[in-house]
Amino acid sequence: MVSGALLFQSLILGLLLGGLYALLAAGLTLYFGIMRVVMLAHAAFILLSAYVAWWFSSTTGLDPMISLVATIPLFFGIGYVMHRFLLARLRPTTMTMMSVLLTFGIALVIEGLLGLAWTGTQRRIHLPYGTSSVEFLGAQIPVVQIVSFALAALSLASLYLIMKRTQFGRSLRATIQHGQAAQLVGIDTTKVAGMGFGLGLATAAVGGAALSLQATIYPSLHWHWIGPLMAIIVVGGLGSIPGAAIAALALGTIRVLLEIPMGSTWAQTVFYVALFLTLMLRPQGFFGGRLAQRF
Amino acid sequence: MRNASDTSTPLRRGSSAVQALRGAGSGRLGPFAAILVVVAVLATWPLLAGNPYMLSAGVIVLNFAVFATAWNLMGGLTGYVSLGHIAFFGLGSYGTGLLVIHSEINAFVAVMAAAVVVGLLSLLVGWAALRVRGASFVIVTIAIVLVMLLVFQSWRSVTGGSTGLVVPRPFPDLLRPEHHRVFFYIFLGLLLLVLVSYLVVDRSRFGQALKAIREDEDKAQSLGIPTAMLKLAAFGISCFLTAIAGGVYALWFGDLDPIFQFDVVLSAQIALMALLGGVRYLFGPLVGAIVVGSALEYFLLNFGETQFHLVATGLLLVAVVLFAPDGVLALAAQLIRRLGPSATSIREESAAEVRAQQDARALAERVEEPGADATTDREDRR
Amino acid sequence: MTEELGAVALRTEGLSKSFGGVHAVDNATTEFYAGRINGLIGPNGSGKTTFFNCVTGMIRPDAGHVFYRDRDITRWQPHRIARAGLGRTFQLCRVFPRLTVLDNLLVAVHPPHPLAYLGRPRVASLVERARGILARVGLDHLETAEARDVSYGQQKLLELAAALMAGPDMVMLDEPAGGVNPALIERIAVLVTELNAEGTTFLVVEHNMEFMMNLCDHVVVFDRGAPIAAGSAAEVQQNPLVLEAYLGV
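Within each chain, residues carry numbers counting from 1 in the order of the written sequence. For naming, the first written chain is A and the first written ligand is 1, with later ones following in the order written. Reporting of local features is limited, given that this is a predicted model, to residues whose pLDDT is at least 70; pairs of side-chain atoms are given and counted only at 80 or more, and all residues count toward the totals for whole chains, interfaces and linings.

Details of the overall build of chain C
In step 1: Each helix is a run of DSSP H or I of at least 4 residues and each strand a run of E of at least 2, with the numbering of both proceeding from the N terminus. A count of helical and extended segments in chain C gives nine helices and ten strands.
In step 2: Here the globule rule is a power law, 2.2 Å times the number of residues to the power 0.38, and the radius of gyration is based on C-alpha atoms. Computed over the C-alpha atoms, the radius of gyration of chain C is 18 Å, within 12% of the 18 Å expected from 2.2 N^0.38 for a compact globule of 249 residues.
In step 3: By definition, residue pairs are in contact when their C-beta atoms, positioned from the backbone, come within 7 Å. Pairs at least 24 apart in sequence give 67% of the contacts found in chain C among residues at least 6 apart.

Okay, structure coming up:
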């Protein structure tokens, strides 16, 4: 029988992990909303950011979070350029399928370059607070997990504020909902969509830095992340940010809870089981519209 | 929107060369003859290959060609890009390997048995995956590969996990070069099988309906085509043929590792081959397999097991998607047409126009969809 | 209903569909008559196309029922509805661009049993029938052209021809006059009238009031997702509710 304390601890850890997943999935959802693009390179960019954080921290000895000062604007720029010069050139009729292959190609390039630059060796950041943990109602919570959750929560809150409170956010929402109408009221939809893409990629920068705190990284790791993230956005209903967030929290928690009886490898299958169940029961996802079925 | 102007329409006078490329000649038997010619030409490779390495490279390329052509039966005809076919290839290999190890049956009977089981399994998977279109379908197919990788790595007692599964050779007496030669011809036979299967499907009512689905699935449904059933049938046939290729590969290579049998990158490379050659052409995937397969071998030979081949594959994929989404055979066909006697520049214009029209429709459809972001209010819909 | 219109072919009861908070179709109860040319009009955003898509199974309604010849076809798959004899065209004309004009028609014929799918697509008797229909809409000279190579107006005719090839009892046309020149509009109107005289029921959705008023025996007017008036063309034109909805007077 599993003890109550262990269960409680797992629950907390699960929620913390789920929060991080929510941030990582938010980017994917954003791209999908903007262009109906499944961005397979998202996890590769997360990994790239994690590598930059690791490299920065191991060469300068400073906290890896400081690397965000450079990676967030850099990723934003890359996202904008990627949208403008690669994805926007695809024909709308074949956009979905071709964008998958295009972003797959980009993911491979990133993975290959990471391997060429830093070899396939497994890397891990060593932090002064790397092994310490905090006691919370009897549960031992590692500090790094709290830091990465806080980072995720902060970023999601900023994302929410940007979307809801700024002129850019309003334009982006208008572009997502009705591109032609947005154009008619004078929004430069190409530019706004490009910036939206940049915003999505900026979340990858944050997510990567947060993950680098607690994960051992190697070039092909992104395949292990993109699967769960894609499952999350389908379960949440493609295009729905709140849906993705709820699915992320729920699946992250279930995953950590299942690790107790099943071990970590088998627990990962929960994402895929959830994906298949969603398709059987509710192909449009649990929180989305009927978009998912058709795109 | 373009207005109706009943100007005379340029008819497409496909020259016979273009027809041959497409494998859809006017004659009933033309394309079948073309397949025989192509296979006969390929059969000379063992005579030309100077050493066992070149022979084994030939086997690998043929394996890719079989795989890519089988993939194209789904990807090309229905337009559903699957990045999960490697899962069925891997299942075919493991199924064959396990049958050969644990039972007394003939190795090639084992291949067929495994392929039948995998084919049935693919119907189950396809039933779930094909409930959704486009992006979700791709996501599901990738998920299948990742699940299989997880399962086969973890389930050590059966699969041997990462230490691998050694499959006994069907012809234990053969020396290595002979072994390659025999399997070269076996794969060539398999290529003949998939090319003929593709052609038969392509020219049947079934194939016609699949193409209708590719062009416009809603429209196909509205005309009474049972799209769900036909897509599933195409997926099943495609996966069955893929599993046969996987099974024969297991017998040839003799050593299975989940990392390679369920490698999502290889899945993308297969899609790349079909795309590079041209998904609308019978021989498109074969041409793509020869180009990409040779390139991969070349990189492996000259740069070894570095990450370089990933970068090269990635860049090639990006380039093909951006600059030649219809494949090199389409470019060749265009060239032939331009050089041919019936060349018209009107034809190009009209294609561009219709493309623009199609795109406008895709955009309009996108507009018709309700807003994607559930948090926000939605404007009134048309 | 002042005039005797005969049997009902298609009927909806309390049909509703909303997207997010917007009620695109809101509790729509309608009747369309067999052997007639029925019209569905309404201002932009009044939910006509969503209604259309709910009826033909492209969208699942949230509530309500659709009856076609007294059979409840709600939630049927679109292909099953088509096979029950209810054909349709799309708002922005949709043909299979890379199939030939002839194949666009042949694809619309349902094999009698699944095994027939393995047969060749060009069965002589079907080709003959397809050619007959193409001749009727005036596209017979284009049968070997790929559909993407013919003009927009010809594509519209082709779409109608493909719908007819399936041998429907009733055809639903979504904005047949949209984006085509007056001569072709006239030709489509004549075709619809002729086909109707031969027994095909029509339901036409249009903005073009003039086109509709001359064509239709019975008109239903939609506003904000529900019918606000029904009757002969002359009747609904006099209806103050309709004038208000349409012209904003």
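On we go.
A short note on the overall build of chain A
In step 1: A tally of regular secondary structure across chain A gives 13 helices and two strands.
In step 2: Computed over C-alpha atoms, the radius of gyration of chain A comes to 19 Å, within 12% of the 19 Å expected from 2.2 N^0.38 for 295 residues, which places it in the range of a compact globule.
In step 3: Overall, the C-alpha framework of chain A stretches about 60 × 50 × 35 Å when taken along its three principal axes.
In step 4: Residue burial here comes from a neighbour count, namely the number of other C-beta atoms, placed from the backbone, that lie within 10 Å of the residue's own C-beta, with 20 or more meaning buried, 12 or fewer meaning exposed, and in between meaning partly exposed. Looking at chain A as a whole, 58% of its 295 residues are labelled buried.

Notes on helix H14 (residues 264–277) of chain B
For an α-helix the count is 3.6 residues per turn, leaving residues at separations of three or four pointing the same way.
All names here are of chain B.
In step 1: How far a helix is expected to stretch is found by multiplying one less than its residue total by 1.5 Å. Along its 14 residues, H14 runs 20 Å from first to last C-alpha, staying within 8% of the 20 Å computed at 1.5 Å per residue.
In step 2: Counted residue by residue, H14 has 14 buried out of 14 residues, so it is predominantly covered.
In step 3: Following H14 by one or two positions, glycine 278 adopts a phi angle in the positive range, close to 125 degrees.

Describing the nonpolar core
One broad rule of soluble globular proteins: the nonpolar side chains tend to lie buried together.
In step 1: Under the definition applied here, buried Ala, Val, Leu, Ile, Met, Phe, Trp, Tyr and Cys residues are grouped into a nonpolar core through C-beta atoms within 7 Å. Ala25(A), Leu101(A), Ile232(A) and Ala143(B) are the most contacted members of the largest nonpolar core, which has 302 residues in total.
In step 2: Of all the elements, helix H1 (residues 4–35) of chain A adds the most residues to this core, at 17 residues.
In step 3: Apart from residues no more than four positions distant in its own chain, Leu101(A) is found in contact with Val81(B), Ala271(B), Leu275(B), Leu317(B) and Val321(B).

What to know about the pairing of strand S7 (residues 170–174) of chain C
Residue and element names in this part refer to chain C.
In step 1: Of all five residues in S7, five are buried; the element is thus mostly enclosed.
In step 2: Residues Met170, Met172 and Asp174 line one face of S7 and the alternating positions Val171 and Leu173 line the opposite face, and both faces are buried.
In step 3: Between any two strands, at least two bridges found by DSSP are needed for them to pair. Two elements, strand S6 (residues 86–88) and S7, share three bridges in a ladder whose sense is parallel. Residue pairing in the sheet places arginine 88 in a bridge with methionine 172 of S7.
In step 4: Pairing of S7 with strand S8 (residues 201–205), which is carried by five bridges, proceeds in the parallel orientation. Counterpart to methionine 172 in the pairing with S8 is leucine 203.
In step 5: The path from the first strand over the helix to the second decides the hand: if it runs clockwise while the strands point away from the viewer, the crossover is right-handed. Following the chain from S7 across helix H6 (residues 182–197) to the adjacent parallel S8, one finds a crossover that is right-handed.

Overview of the domain arrangement of chain C
All names here are of chain C.
In step 1: For each domain, the first and last residues come from an automatic or database assignment. Domain annotation of chain C identifies domain 1 (1–85 + 169–249) and domain 2 (95–167).
In step 2: Taking only C-alpha atoms, the centre of domain 1 and the centre of domain 2 are 26 Å apart.
In step 3: Taken together, the contacts link nine residues of domain 1 with seven residues of domain 2.
In step 4: Secondary-structure elements contributing two or more residues to the side of domain 1 that touches domain 2 are helix H2 (78–83) and H6.
In step 5: Amino acids are sorted into nonpolar (Ala, Val, Leu, Ile, Met, Phe, Trp, Tyr, Cys and Pro), charged (Asp, Glu, Lys and Arg) and polar (every other residue, Gly among them). Counted by class, the side of domain 1 that touches domain 2 contains six nonpolar, two polar and one charged residues.

Notes on unusual backbone geometry
Residue and element names in this part refer to chain C.
In step 1: Notably, aspartate 70 is not glycine yet its phi reads approximately 70 degrees, a positive angle.
In step 2: Counting through the fold element by element, aspartate 70 comes out in the loop between strand S4 (63–68) and strand S5 (71–72).
In step 3: Look at glutamate 175: it is not a glycine, yet its phi comes out positive at around 50 degrees.
In step 4: Inspection of the secondary structure puts glutamate 175 in the loop between S7 and H6.

Here we look at the packing of helix H9 (residues 176–202) of chain B against helix H12 (residues 227–253) of chain B
Residues and elements named next belong to chain B.
In step 1: Whenever a helix is involved, its axis is fitted only over the stretch in contact; in every case the axis is a line through C-alpha atoms, and angles between N-to-C directions fall within 0 to 180 degrees. Between H9 and H12, the least distance of the axes is 11 Å, while the angle of their chain directions is 180 degrees. In terms of orientation, H9 lies roughly antiparallel with respect to H12. On the side of H9, the interface is formed by Phe183, Ile186, Phe187, Leu190, Val194 and Ser197, while H12 contributes Ile237, Leu241, Ile244, Ala245, Val248 and Trp252.
In step 2: In the contact of H9 with H12, the residues fall into eleven nonpolar, one polar and no charged. In what follows, roughly perpendicular refers to angles from 65 to 115 degrees, roughly parallel to angles under 35, roughly antiparallel to angles over 145, and oblique to any angle outside these ranges.

Description of the packing of helix H10 (residues 205–215) of chain B against H12(B)
Residues and elements named next belong to chain B.
In step 1: One way to put it is that H10 packs onto H12 with a least axis distance of 10 Å and a crossing angle of 110 degrees. With respect to their mutual orientation, H10 and H12 come out roughly perpendicular. Residues Phe206, Ala209, Leu210 and Ile213 of H10 touch H12, and the partners they reach there are Thr227, Leu230, Lys231 and Ala234.
In step 2: Class assignment for the residues of the contact of H10 with H12 results in six nonpolar, one polar and one charged.

So, the sheet that holds S4(C)
Residues and elements named next belong to chain C.
In step 1: One open sheet accounts for four strands, arranged S2-S1-S4-S5; its pairing is antiparallel. Both outer strands of the open sheet, strand S2 (22–33) and S5, are each paired with one neighbouring strand and no more.
In step 2: Note that strand S1 (residues 8–19) and S4 share five bridges and pair antiparallel. Bridge pairing in S4 links arginine 11 to phenylalanine 67.

So, helix H6 (residues 107–129) of chain B
In step 1: Compared with an ideal rise of 1.5 Å per residue, which puts 23 residues at 33 Å, H6(B) spans 31 Å between its outermost C-alpha atoms and is within 8% of the ideal.
In step 2: Of the surrounding elements, those touching the buried residues of H6(B) are helix H5 (85–102), helix H7 (134–154) and H12 of chain B.

Section: the confidence of the model for chain C
In step 1: A residue-level look at chain C finds 97% of positions with pLDDT of 70 or above and a mean pLDDT of 85.
In step 2: As scored by the predictor, the complex reaches a pTM of 0.85 and an ipTM of 0.85. Residue-level confidence of the predictor, termed pLDDT, takes values from 0 up to 100.

Description of the sheet that holds S7(C)
All names here are of chain C.
In step 1: With mixed pairing, the six strands of this open sheet are ordered in space as S6-S7-S8-S3-S9-S10. Whereas interior strands pair on both sides, the edge strands pair on one side only; in this sheet they are S6 and strand S10 (226–231). Across this sheet, the average inter-strand angle for adjacent strands is 20 degrees, counted without regard to direction.
In step 2: Relative to strand S9 (residues 218–223), strand S3 (residues 37–41) runs parallel, the two being bridged by four bridges.

Section: the environment of Val200(B)
In step 1: Among the structural elements, Val200(B) can be located in helix H9.
In step 2: Sequence separation between Val200(B) and Phe32(B) is 168 residues, and the spatial gap between their C-alpha atoms is 9.5 Å.

Focus on the confidence of the model for chain A
In step 1: When the pLDDT values of chain A are averaged, the result is 84; 95% of them are 70 or greater.
In step 2: Across residues 289–295 of chain A, confidence stays below pLDDT 50; counting only partners more than four residues off in sequence or on other chains, it has 30 contacts.

Let's talk about the environment of His207(C)
In step 1: In this structure, His207(C) sits in the loop between S8 and helix H7 (209–215).
In step 2: Sequence separation of His207(C) and Leu106(C) is 101 residues, and the distance between their C-alpha atoms is 31 Å.

Some thoughts on the environment of Thr89(C)
Residue and element names in this part refer to chain C.
In step 1: Tracing the backbone through its elements, the reader meets threonine 89 in the loop between S6 and helix H3 (101–106).
In step 2: C-alpha separation for the pair threonine 89 and leucine 40, spaced 49 residues apart in sequence, amounts to 14 Å.
In step 3: Beyond its immediate stretch of four places on either side in the chain, threonine 89 contacts Glu159, Leu160, Ala163, Leu173, Asp174 and Pro176.

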